[in-house]
Amino acid sequence: MNNTSDNNNESIPVPKKKHGANKLECYDWLSDLPESHDETEMVEVQFKNTRKGYYKNSTHIHLEKGDMVAVEGNPGHDIGEVTLIGRLVLLQMKKNGIKPDSPDLKRVYRKAKPNDLEKYEEAKSREHDTMLRARKIAEDLNLNMKIGDVEYQGDGNKAIFYYIADDRVDFRQLIKVLAEAFRVRIEMKQIGARQEAGRIGGIGPCGRQLCCSSWMTNFVSVATSAARYQDISLNPQKLAGQCAKLKCCLNFEVDAYVEGQKKLPSREVALETKDNTYYHFKTDIFKRQMTYSTSKEIAANLVTVDASRVFEVIAQNKKGIKPEKLEILDDQEPVRKDFEDVVGQDSLTRFDKNKKRPGNGNGNNQNRRRKKTGFKKNNGSEVSKDEKDLGNSPSQNNNRGQNNRINSNNGNGKNNNNRSPETPAE
């Protein structure tokens, strides 16, 4: 009967766990090479988001990324997700200092069956209540510790308690009480405040998910010197994260600030001029601009100059020369260069064409025949646009003169052909 039930369970397809949302997951850039998946029998299995291990697939089960498997535990078995297979597993093991031939490596039993997944989900559902009861028990025992999380093994026979403590804690009595209360094997693991924030998660002041809960896997100590290098105000409320420690992001850009600071003059040197003595007030490292004040205590008569000018004044002071002013005079101010086309391209509007005015009928052909915008040839003479609009072209004037002569001849019987059209008849 047991064999029949196992065969029936194996025939039921087990849904794969959604992968890609875990911060410890490694991108498999060798997934396009099928031959690399058969080079080793080692696989990477990940558990509750912050714990993963490397197991030996000694029975050569066909595994793919995202498969839920039952692996060897201590004691019993555990349920986890396959997150990496093939050649990249060996590289990850080398990175973490794990030898493939180590005798401590455990084995992969099988792919997880529906019964295994039911027990696994049942054990996970008890974790929150177990954590709350464990906190109450630790408080009753007057232990200076905080239980931050509880993780059950896949078969439910073992529970890992993650706790935070500033000092060393004697929790031998606590283990006995917890074992009697929950009837499981107890394992205690101490973590730091940063690891606790990574396990709980949250939203940072930047409005994004906490780095420790999204992608950070190792925690480097953060010192206040990182804030000093970046000229950040030493306000504990703004520098501390949700874990009550200095924010990890203070270390992200400190190297760039340190390198930039090396190319700037010393802040301890005072600048001597004929009118006053200037002391360093603040520095814009990336713009290479330094602001000086005439007082050490307060911001008085602030002057912002370039770092090259500061080097120049320091060199003059060493020679015993005091410039008249700290800032560069107008006649000494360097000329600011305009934009130069270093690529060799023309203006971006070089392909644009002037819009043609719409014409009536064959207006396009008329525009093509025109040589000048305001003039048009007529019998060898040029007519301006204004004259054309007023109707005072020479041809029109000649026609009018001829009509006038004809009318005068008809009326008076005289020949006025020799007279100009403008001269009145006698």
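In this text, all values refer to a predicted model and were calculated from it rather than measured experimentally.

1. Let's talk about the state of the cysteines
Okay, so step 1: With the rule as written, the count across this model stands at 0 disulfides.
Okay, so step 2: Note on C211: no disulfide assigned, nearest cysteine sulfur contributed by C206 at a separation of 6.4 Å.
Okay, so step 3: Here C243 is not cross-linked by a disulfide; its sulfur's nearest cysteine counterpart is in C248, at 6.2 Å.

2. Things to note about the sheet that holds strand β12 (residues 303–306)
Backbone hydrogen bonds hold the strands of a sheet together, and the pairing may be parallel or antiparallel.
Okay, so step 1: Strand order in this open sheet of 4 strands is β9-β10-β11-β12, and the pairing throughout is antiparallel. Every other strand in the sheet has two partners, leaving β9 (271–272) and β12 as the edge strands with one partner each.
Okay, so step 2: Across 2 bridges, the pairing between β9 and strand β10 (residues 277–284) is antiparallel. Across the sheet, residue L271 finds its bridge partner in β10, namely Y278.
Okay, so step 3: In this fold helix α11 (residues 307–318) packs onto β9, β11 (289–293) and β12, with an angle of close to 95° to the strand it touches most, β12.

3. Comments concerning the nonpolar core
Okay, so step 1: M145, I147, F161, L174, L178 and M188 are the most contacted members of the largest nonpolar core, which has 21 residues in total.
Okay, so step 2: Broken down by secondary-structure element, the contributors of at least two residues to this core are α4 (127–140), β6 (146–152), β7 (158–164), α5 (172–182) and β8 (185–190).
Okay, so step 3: When residues of this core are assigned to their parent elements, the largest contribution, 4 residues, is made by α4.
Okay, so step 4: When near neighbours in sequence (up to four residues on either side) are disregarded, F161 contacts T130, A134, I147, D149, V150, L178, F182, I186, E187, M188 and K189.

Rules of the game
Residues numbered from 1 in each chain as written. Predicted model: local features only at pLDDT ≥ 70, side-chain atom pairs only at ≥ 80, totals over all residues. Heavy atoms only, no water. Disulfide = S-S within 2.5 Å. Pairing = 2+ DSSP bridges. Helix = DSSP H or I, 4+ residues; strand = E, 2+ residues; numbered from the N terminus. Contact = heavy atoms within 4.5 Å. Axes fitted to C-alpha atoms, helices over the stretch in contact; angles between N-to-C directions. Core = buried A, V, L, I, M, F, W, Y, C linked by side-chain atoms within 4.5 Å. Buried < 20%, exposed > 50% of the residue type's maximum accessible area, 1.4 Å probe, protein only.

These figures come from the coordinates and say nothing about function on their own.
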